[in-house]
Amino acid sequence: MTSLPTAPIPAARPPRVRPDLVLATQRRLARGYVIALSLIAALTIGAGWFLSALVERQSEDAMVINRAGAQRVLSERIAALLADLVHPRNRTSRLDAIEGIDDAVRRLETSHASLVSGPDAPARETSSLHFHYFAGPGALDRTMTDFIARMRTILAAARDNAGPSEEEVAALRAQALGFLPDALQMAVGLHEAASRGRVAYARSVHHTAIGFALGLLALEALFIFWPLSRQVGQLARTLSREASIDPLTGLMNRRAITTALGEALTRGTPVAVIVVDLDHFKEVNDAAGHAAGDALLRAVAARLIECVRPGDIVGRIGGDEFTVFLMGVGDVATARIVADRMRDSLHRPVIHGDRTLRLGATLGVAVAPLDADTPEVILRAADEALIRAKRESRGTIGHASRGDADRITRAAAIIGAFDASCTETGITGISAHLQPIISLRVDPEAGIEVLSFEALARWSHPTLGQISPGEFLPVIGPERTARLGAAVRDDALRILADLRARGLTGARVALNLSAGEVMRPDIALEIEAQVQAAGLSLDAIEIEITEEVLLDRVSDRTLEHLAALRGRGAKLMLDDFGTGTSGLSQLLRLPLDAVKLDKTFVQRLGVDDRAAEIVRATMSLARGLGLEVIAEGVETEQQAAHLRTLDCDAAQGFLFARPMARTALEAWLTTGPGAQRTGAVHRLARSA
Ligand code: C2E
Ligand code: CA
Ligand code: CA
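In this text, all values refer to a predicted model and were calculated from it rather than measured experimentally.

Student: Looking at this model, I keep getting lost on the coordination of the calcium ion (ligand 3). Mind explaining?
Tutor: Ideal geometry at a metal centre: 109.5 degrees between donors when four sit tetrahedrally, and 90 or 180 degrees when six sit octahedrally. Taken together, Asp575 (OD), Asp576 (OD), Glu632 (OE) and Glu632 (OE) make up the full set of protein donors to the calcium ion (ligand 3), lying 2.2 to 2.4 Å away. Motif for the calcium ion (ligand 3), donor spacing along one chain: D-D-x55-E. Distance-wise, the calcium ion (ligand 2) is placed 3.9 Å from the calcium ion (ligand 3), both being coordinated by Asp575. Note that Asp575 is positioned in strand 13 (residues 571–577) and Glu632 in the loop between strand 15 (628–631) and helix 19 (637–645), a separation of 57 residues in sequence. Comparing Asp575 with Glu632, the two get one shared label, buried.

Student: Would you mind going over the site of ligand 1 with me for this structure?
Tutor: In the vicinity of ligand 1, 23 residues are found, and the nearest of them are Ala457, Arg458, Lys599, Glu635 and Phe654. Between Glu454 and ligand 1, the recorded distance is 3.1 Å, taken from a side-chain N or O atom to an oxygen atom. Contact distances for ligand 1 include 2.5 Å between a nitrogen atom and a side-chain N or O atom of Glu635. Assessed atom by atom at 2 Å from the grid points, ligand 1 resides in the largest pocket. Only strand 9 (450–461), helix 12 (469–501), strand 11 (508–513), strand 13 and helix 17 (599–603) provide two or more residues apiece to the shell around ligand 1. Shared between two domains, the shell around ligand 1 takes at least three residues from each, and those domains are domain 3 (412–592 + 658–687) and domain 4 (594–657).

Student: Is there a simple way to think about the side chain of Ser439 in this case?
Tutor: Mapped onto the secondary structure, Ser439 falls in strand 8 (residues 430–439). Under the relative-accessibility criterion, Ser439 is labelled buried at 8%. Within polar-contact distance, the side chain of Ser439 engages the backbone nitrogen of Arg441 at 3.0 Å. Beyond its immediate stretch of four places on either side in the chain, Ser439 contacts Glu449, Leu451, Asp649 and Ala650.

Student: Explanation requested: the layout of surface pockets in the structure shown.
Tutor: To find the voids left in a structure, one rolls a probe of water-molecule size over its atoms. In this structure, the largest pocket occupies an estimated 1,200 Å³ of space. The wall of the largest pocket is formed by 43 residues, among which Leu456, Pro469, Leu473, Asn512 and Asp575 lie closest to the centre. Within the residue set of the lining of the largest pocket, elements represented by two or more residues are strand 9, helix 12, strand 11, helix 13 (515–518), strand 12 (541–546), helix 15 (547–552), strand 13 and helix 17. Top contributing element to the lining of the largest pocket by residue count: helix 12, with 11 residues. Taken together, the residues that form the lining of the largest pocket break down as 17 nonpolar, 13 polar and 13 charged. Counting contributing residues per domain, the lining of the largest pocket is built from domain 3 (412–592 + 658–687) and domain 4 (594–657), each supplying no fewer than three. Estimates place the volume of the second largest pocket at around 240 Å³. Taken together, Leu43, Ala47, Gly48, Phe50, Leu51, Ala202, Val205, His206, Ala209, Ile210 and Ala213 form the lining of the second largest pocket.

What counts as what
- Residues numbered from 1 in each chain as written.
- Chains lettered and ligands numbered in written order.
- Predicted model: local features only at pLDDT ≥ 70, side-chain atom pairs only at ≥ 80, totals over all residues.
- Heavy atoms only, no water.
- Donors = N, O, S within 2.8 Å, 3.2 Å for Na, K, Ca; no water.
- Helix = DSSP H or I, 4+ residues; strand = E, 2+ residues; numbered from the N terminus.
- Buried < 20%, exposed > 50% of the residue type's maximum accessible area, 1.4 Å probe, protein only.
- Near = heavy atom within 4 Å.
- Polar contact = N/O pair within 3.5 Å; in protein donor to acceptor, adjacent residues only side chain to side chain.
- 1 Å grid on protein atoms, 1.4 Å probe; cavity = no way out; pocket = protein on both sides within 12 Å on 5 of 7 lines; lining within 4 Å.
- Sits in = over half its atoms within 2 Å of the grid points.
- Domains from an automatic or database assignment.
- Contact = heavy atoms within 4.5 Å.
- Points joined across faces, edges and corners; volume = space filled by probe spheres on them.
- Nonpolar A, V, L, I, M, F, W, Y, C, P; charged D, E, K, R; others polar.

Next comes the structure, spelled out in structure tokens:
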């Protein structure tokens, strides 16, 4: 036995869905995302800024190292040119040396200036570099400035042809080749060391940053995302719980109990299903008010729960419909005992304020797997048992049987097959068969006179086979019936148009209208459009409506429309006459042309004298109203003869012809019994 909890009975509750909870969670989520993303963005921007500063420093160092190298080359060149100056090969080479030195000194000076000037000059960056450039005893700046100054003096003297002296040159060359390049080399080394240090620093910063980022992510996960995900999960659970609960009674709703039933049946647990329908709830609700109605429903929920064990399920599946699952109960006797207890409990009055509300209930019981083993079928079976019980007497308990389940399963298969057969252009497998209606006024020796053909739906399905209208019409429901009716009419009208074109000029087709179709406000217009589309006029059709349909379901407006069709040539017939329970006054609602006497009377002619009396009475009633009478279901010569003596106008039945598909009908009309005809309807040409 399972222990699916039955929800407790609440007092009047506010609506359970809490939009504020959803909104708050959504806001918290948004805030969490913003904080988490901002932190990550800040980290990324900081790292980027640090990296670009570092790259800039590195490139400045590389530039300095380049320049220092160039300065060394320049000082070596100056040394070489100084040698040319003291020992020129001729006057021109001396002048060249002066110009060369002048140029090199100027470039040396510019290059040096760019190294030592400016606030961001790399030379100022670290203390050791600064010391080497500016402070130490042989500071590069001083050495270079001094060297350049001395070179300028020498150049001035050389231009005046006043030197320089060999000693001066030797001293300067020594400086250009020794002291100066050494100082520059030293600077290069210091820059390289600074750059190496910076890379090492960057690496350690990088590691720290990664650690920091990971820590940040962990903190975000811990303090932002984890709580958020828990909140969302909680919200989802709340919502799904609330989606499966009826807010008024706190019971499970239809969806939830269907799921629970499916799960139980899958596990192989036997389940007794009891559907409960309150009697006269609507009246109480209307008379005592909705608050009283709600109190009544809550009281019902409480009483039903009292009647079952803790593991059972009580659900509310509609306005005043409840369903109870007795888990683990697989026998009818136990289910019956509980159902009796429930009915008795629900028949006790409910006190609401100063009112005493009277309750009653009708119940339907089905047991799985005895009656059926799928949730849909067992629920339907219990429902049908309830409907049967209600029809017999309210306040009783109906039981399903295995036969119900088979019928329900078959009905579901038929509906599924029908839906699958519907296409854009029509319904695959559906066609109209036509059954001739024969005049009884013509001497049978002389042949037969066909007055019209009744169109009857035929459905041939690849797996379900031939399904008769008697089987599928009651199960497919009004919408599908209307769709089917339209398809059958189209087919029948096409066949008739063809027969008329081939000589059967006076023939008509009788079209059956179901209750669902007659309830459609535009049915008359639809029929007229179909007749026109087939190239026919309204005098080609007869419309058959059963007494039952005519009774109460059809609106006066539709009757007017149908009467209008009659005014323009269509005939209106009352079908299955004699089977309905209508008062004869209903016959006056619609102007009619004929009644069709139901086959049950016809087939009892000669067997039961009362049948002949009913036919005779019908004939006289019809004559009095100016209606023709058509007898249905004529199977024997005796029946036909009997009907003739009763002055019946026309007949239809297997004696003359069965309903026939188009080709069989053509054969019947050209070479079969229908070929020897008399009367107004002309002969059909042999082939199209
Ligand atoms: P219905 O309108 O009373 O049609 C006459 C029924 O009697 C047809 O049954 C026909 O095949 C049957 N029948 C004809 N002659 C004899 C006979 O000599 N003996 C016996 N035992 N039966 C005979 P069917 O075709 O099975 O149709 C059953 C009912 O389904 C029809 O009764 C009609 O109410 C409905 N129906 C059939 N086709 C359509 C349709 O296209 N639209 C609508 N709305 N209803 C249809
Ligand atoms: Ca009919
Ligand atoms: Ca009939």
